[in-house]
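A look at the structure
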Protein chains: 6
Amino acid sequence: MRPDHRSNEEMRPVHIERGVAKYAEGSALISLGDTRVLCTATVDEHVPPFLKDSGTGWVTAEYAMLPRSAGERIQRDSVKKGRALEISRLIGRSLRAVVDLELLGERQIIIDCDVLQADGSTRTAAITGSYVALKDAMSRLVRSGVIGREPLLGQCAAVSVGVVQGEIRLDLCYEEDVVADVDMNLVMRSDGMFIEVQCTAEGDAFSREMLQRMLDLGEKGIAKLFDIQRSVLTHE
Amino acid sequence: MRPDHRSNEEMRPVHIERGVAKYAEGSALISLGDTRVLCTATVDEHVPPFLKDSGTGWVTAEYAMLPRSAGERIQRDSVKKGRALEISRLIGRSLRAVVDLELLGERQIIIDCDVLQADGSTRTAAITGSYVALKDAMSRLVRSGVIGREPLLGQCAAVSVGVVQGEIRLDLCYEEDVVADVDMNLVMRSDGMFIEVQCTAEGDAFSREMLQRMLDLGEKGIAKLFDIQRSVLTHE
Amino acid sequence: MRPDHRSNEEMRPVHIERGVAKYAEGSALISLGDTRVLCTATVDEHVPPFLKDSGTGWVTAEYAMLPRSAGERIQRDSVKKGRALEISRLIGRSLRAVVDLELLGERQIIIDCDVLQADGSTRTAAITGSYVALKDAMSRLVRSGVIGREPLLGQCAAVSVGVVQGEIRLDLCYEEDVVADVDMNLVMRSDGMFIEVQCTAEGDAFSREMLQRMLDLGEKGIAKLFDIQRSVLTHE
Amino acid sequence: MRPDHRSNEEMRPVHIERGVAKYAEGSALISLGDTRVLCTATVDEHVPPFLKDSGTGWVTAEYAMLPRSAGERIQRDSVKKGRALEISRLIGRSLRAVVDLELLGERQIIIDCDVLQADGSTRTAAITGSYVALKDAMSRLVRSGVIGREPLLGQCAAVSVGVVQGEIRLDLCYEEDVVADVDMNLVMRSDGMFIEVQCTAEGDAFSREMLQRMLDLGEKGIAKLFDIQRSVLTHE
Amino acid sequence: MRPDHRSNEEMRPVHIERGVAKYAEGSALISLGDTRVLCTATVDEHVPPFLKDSGTGWVTAEYAMLPRSAGERIQRDSVKKGRALEISRLIGRSLRAVVDLELLGERQIIIDCDVLQADGSTRTAAITGSYVALKDAMSRLVRSGVIGREPLLGQCAAVSVGVVQGEIRLDLCYEEDVVADVDMNLVMRSDGMFIEVQCTAEGDAFSREMLQRMLDLGEKGIAKLFDIQRSVLTHE
Amino acid sequence: MRPDHRSNEEMRPVHIERGVAKYAEGSALISLGDTRVLCTATVDEHVPPFLKDSGTGWVTAEYAMLPRSAGERIQRDSVKKGRALEISRLIGRSLRAVVDLELLGERQIIIDCDVLQADGSTRTAAITGSYVALKDAMSRLVRSGVIGREPLLGQCAAVSVGVVQGEIRLDLCYEEDVVADVDMNLVMRSDGMFIEVQCTAEGDAFSREMLQRMLDLGEKGIAKLFDIQRSVLTHE
């Protein structure tokens, strides 16, 4: 039985609150069980050097954990360390896959994902929440007449799936994550296409058949997240 | 008239929520108008090198702003830069002034103050909120039998007072802070003694008589904060 | 047609030379077309702090590119930057999946992968070459009587597969890599189990059916690499 | 009795030597008992980014201690650490309070305060000495015709006052500083206005009445420093 | 007797391979016994700030050792540490002494020397090999019409000479280097002029007569290196 | 004619003041014309890791320039940059050549050389002055009974010699240094043996005959420095 008595196919309760940061162009606070990530979107009229004078925009992300978001205090500035940097890159790449960067024009959206509380699956929660912040920043650009229409190709959401004690489970909490044999992060677009599949043997290697079943379960979870995003975004 | 129509002697609405961080030994989220600071207290069984084998404890603090806590995005890792470092030192020093470090024993309390939203007076809000987190961490040490009684010498709270357009005002918001001629941070103990007086000429120097009036107003504001802290701490 | 006239299912010529570094406990220089990676294995009798006194060992890796391994000169010290750090972590994780860390005992193997020349697929070449260096370091530990038998659970090898202009291709060279819509890195164990699947939408998202075909092609490529590793390792 | 047999209201011997640095636009070596600080002023035709094209100037400061200025050797590069950074900011802020930055024009004066020997009150000595270096740099700008008249609003000087064993004492030496219960740094302008009051409980909190008496004593000490500065500056 | 049975006046076998790096404008792999250094030359159309708009060019160098080039693994990023930085500066200075920087025009040549295997005298091998890489980069600039003729004033080569157990020996290997009493690095130009003499007492000071004999032997060794460079450079 | 009307064989006025730093175990302020270097010696009971439990001591040095020691302001923390690091290493190596490290016992002497004013030849002045600080620190160790006798093998001093406009000159000032074609630093021991010869072509290569004449002149200069050191050290 899972620590919180969920079935293997069940996600934890998801809640997304929009507009939580007064100054940001877009923001969302996502809760996934006890995991809580504050996502903000900043519109920056500068682009990275490699896009200078290209007319094309960019989406980048930074992920960090607050010092006491976890059981043991984490030293600050971890954004530059290995794990946080890798997650930052994943979030940026995932969101770029739903943005028409040419239509965005030569500006960048900076996504900040700050984990207030961490109970597993923080990176997938960050992607799902960031989409909402990104969408609000895009709406604002359209409303203020900076761009003609929202440069979005669809929604973007992510879930974790893992193998724990031989069972495939959706949306691992921290207690499950540390004992998982396989850990998969799946990022999808709302048209059913995949943006990223990262499936890693932590404790033991995995068969191709196992991979298929993990993908099946992940797709189901993400379908629910798209519904939640839509519901949150249709309310003012 | 002040931007939010307060009188010069009026503080913004203050709200302190305890126990907001699942994993921290003590935590508080303080709101002071639109300023919001998440304060956590971590009990660490190590002390800084200079206290090794002294039997004496320590309280230290780190202050940082989330990237989009402000109107312009702030680069991460600012905890090591000048202003944030100076504030971190002030918070630690202020809280140590209400802790009996010998009674605490050879362990340290690490206070983390993360500004979620900044609308002025973040450092004084951080001190006032951190006291609540510190108190809860101390209670937990007593409850778990680590120490016999709470090593606290009183409450600790802080306010800002400033001179704007020749008027002395309590609890400056950001809009006032940037145009203030004088900026004072006052930290007090609940027995009426001062812990720190920092009064700085930003735009113009100030007379000794002005300093007296600023202290008068600051003392009144802090008295209210002590009441709020007590009220929050008596509820479970 | 591919830039070097290969068929889509064809890998570039692979050559692995063992024992190229006089001082290292194990070493291999792998060529994959014009990509050349020097892999060394160092036996270090220390383990990272989290394994201190656990009796269990570790395998870690560092990946870096020489300044003129690429068309544009790369600044040194890039090992700490995002991309190189992410690749370092992948290499370490992949090799740990074929090592019995308890049997290794409380010591670590440090794998260094230095790209002498980069023409695409450097990370997968690094994994394939590093296995050979690791195996030689293990043999040396056995020969010198430090451990009783080689703590290896099988071979480890990796290939890249990509989607370029709608076609699925094995082992992308640099020219293909920069225009690929999808980029997959597949790491496998010689018993047919997967160690890591990383499939990323670079230019466009991908369907689940596309993922299946990419896995099919990747499995074929890796089977050949296992043969080459075995052939290299059976010669003295 | 004080370690050097002074009365509580007595300052240590003060000596300021001008023009000690051949290459600097202004310089002063101040001795305050055994405390010795070398202050130089550099005229820099660049301003910090936030003043670019504003027509307004800036004064900034850096404070550092030579490695063997103290009883225990101090590691270099401490300018970036907490205490030195905080003092650097105080010096810069204090001097800006006596400079008409618009009249200075778009250039900055960089003040370097290097402590050659530290026997307490180094930061207040640095401020008092730096004013002399700053004044000479200003005179030079006028003499060379860069600006029409000296953009100075008055003199600037600083003293420390402390509470040691219940007694209020002027100008603490190191031996007193480490045992002081309260430590105050007072910075004033020669028209009798305050620039900065920093009063900190080190060992014990302090009453408002104590603060008044410390201010009284500090004002007396600073009056003498203004005399010394004037005397030094009237000689060529 | 020397570890490898050479006479005191004998250099180890020298081999220089040109064009080993596909992407570099010039490259050479030099072997000096078991010492192996990969030297590449990059043409960079930017110059350091102090040469901006001067019409004059620059040659700079970076020297680093691969982690397992030596008996004990070396941490990466050592290019910024003392020894590597000093060697980098020596290589750059030595090569600039054979380049007409005005004729080169406002561009810089960046030399990268990466030690693949270190058995003593790596810095002198790096200089000798880098000259070949530099020469090829210069030829390429001429062939492509960027400059009219090669801005070279002669060849540049270097050897080490040492005093071991009272005997003067040419070209120290690592085993000799660690026990040498005196260590000399000599850099010369092919017209017989000296570029750099660095003679250092490691274990014992040395007489002026000893210095003369070391110079005699060094000159003989360098003469041979000039022959080898010429021979390598005349073949296509 | 030289800028200060000296003959080519003449050194600038040298003055060494002992005991200038109240807290250091040894100290000297050396003036060489307008060049002024403060040298302190710190006795540290720790040794670098490679000497742990060896019973053998160490001498190390750090060289830095104060920000306004030169015509243009120098950024702080330059001790870690190339030039300062190289000079630090030279000073440490030179002083170790006159110390019996076994007799010193397992402790280190840290030499700090801070350039207060720089008018050329700062590194040789630093070596000559540091010997005096080192000697005083050694005497103190003997007087306090820590070691039985001074572990010194002789005096150590250094001069610069250069070639300017074809003329060989002793002790270059800054104005000469920047236009010198050849720059030599010579470090000697008082028994006439050489510790270090560094002769570098800055503008033009040099003949062996030129090197001989530079050594002749350097030896004469150093003889005078040994006299000055002896004279300073025999006075209390």
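Residues numbered from 1 in each chain as written. Chains lettered and ligands numbered in written order. Predicted model: local features only at pLDDT ≥ 70, side-chain atom pairs only at ≥ 80, totals over all residues. Heavy atoms only, no water.

**Details of the packing of helix 1 (residues 82–96) of chain E against helix 1 (residues 82–96) of chain F**
Under the convention used in this document: With axes taken as lines fitted to C-alpha atoms, and helix axes fitted only over the stretch in contact, angles between N-to-C directions fall between 0 and 180 degrees. Numbering of helices and strands runs from the N terminus, with a helix taken as a DSSP run of H or I at least four residues long and a strand as a DSSP run of E at least two residues long. When an angle is under 35 degrees it counts as roughly parallel; over 145 it counts as roughly antiparallel; between 65 and 115 it counts as roughly perpendicular; any other value is oblique. The sense of a crossing depends on the near helix, which, turned anticlockwise from the far helix by less than a right angle, makes the crossing left-handed and, turned clockwise, makes it right-handed. Whether two residues are in contact is decided by their heavy atoms, any of which lying within 4.5 Å being enough. For this scheme, ten residues count as nonpolar: Ala, Val, Leu, Ile, Met, Phe, Trp, Tyr, Cys and Pro. Four count as charged, namely Asp, Glu, Lys and Arg, and the remainder, Gly too, count as polar.
Where helix 1 of chain E contacts helix 1 of chain F, the two axes come as close as 9 Å, and the packing angle between them is 110 degrees. Our classification of the angle between helix 1 of chain E and helix 1 of chain F gives roughly perpendicular. Remark: the crossing between helix 1 of chain E and helix 1 of chain F carries left-handed chirality. Contact residues: G82(E), R83(E), L85(E), E86(E), R89(E) and R93(E) in helix 1 of chain E; G82(F), R83(F), L85(F), E86(F), R89(F) and R93(F) in helix 1 of chain F. Partitioning the contact of helix 1 of chain E with helix 1 of chain F into residue classes produces two nonpolar, two polar and eight charged.

**Some remarks on the interface of chain A and chain C**
How big an interface is tends to be reported as the loss of accessible area on association of its parts. Rules: Buried area is understood as the total, over both parts, of accessible area removed when two parts are fitted together, assessed with a 1.4 Å probe. By definition, a salt bridge exists where a carboxyl oxygen of Asp or Glu is found within 4 Å of a side-chain nitrogen of Lys or Arg. A 3.5 Å cut-off defines polar contacts: any pair of N or O atoms within that distance qualifies, except that in protein one atom must be a possible hydrogen donor and the other a possible acceptor, and neighbouring residues in sequence count only when both atoms are side-chain atoms. If DSSP finds at least two bridges between two strands, the strands pair.
Counting residues at the interface gives 28 residues for chain A and 28 residues for chain C. Across the interface of chain A and chain C, roughly 2,600 Å² is buried in total on both sides, 51% from carbon and sulfur atoms. With a closest N to O distance of 2.6 Å, R208(A) and D216(C) form a salt bridge. Taken together, the links from chain A to chain C amount to 17 residue pairs in polar contact (both at pLDDT 80 or more). Residue contributions to the side of chain A that touches chain C peak at eight residues, all from strand 9 (residues 194–201) of chain A. Here the side of chain A that touches chain C is composed, by residue class, of eleven nonpolar, five polar and twelve charged. Bridge count between strand 9 of chain A and strand 9 (residues 194–201) of chain C: five bridges; the pairing is antiparallel. By the bridge assignment for strand 9 of chain C, Q198(A) is matched with Q198(C).

**Some remarks on unusual backbone geometry**
Residue D171(C) is not a glycine yet carries a positive backbone phi of 55 degrees. Relative to the assigned elements, D171(C) resides in the loop between strand 7 (167–170) and helix 4 (174–177). Of note, the phi angle at D53(D) is positive, near 60 degrees, even though the residue is not glycine. Tracing the backbone shows D53(D) in the loop between strand 3 (35–44) and strand 4 (58–65).

**A short note on the interface of chain C and chain E**
Taken together, the contact between chain C and chain E spans 33 residues of the former and 33 residues of the latter. A buried area of about 2,500 Å², summed over both sides, lies between chain C and chain E, and 46% of it is on carbon and sulfur atoms. The tally of links between chain C and chain E comes to 16 salt bridges. D112(C) serves as the salt-bridge partner of R73(E), at 2.6 Å between the closest nitrogen and oxygen. The interface formed by chain C and chain E includes 24 residue pairs in polar contact (both at pLDDT 80 or more).

**Remarks on the relation of the copies chain A and chain C**
Just so we agree on the cut-off: Copies overlap after least-squares fitting; the atoms used are the C-alpha atoms of residues with pLDDT of at least 70 in both.
Rotating chain A by 180 degrees and translating it 0.0 Å along the rotation axis places it on chain C, where the RMSD comes to 0.0 Å. Here the copies are linked by what is in effect a two-fold axis. Closest approach to the rotation axis within chain A is made by the C-alpha atom of Q198(A), at a distance of 2.3 Å. A high fraction, 100%, of the interface residues of chain A reappear at the interface in chain C, so the copies pair face to face through one surface.

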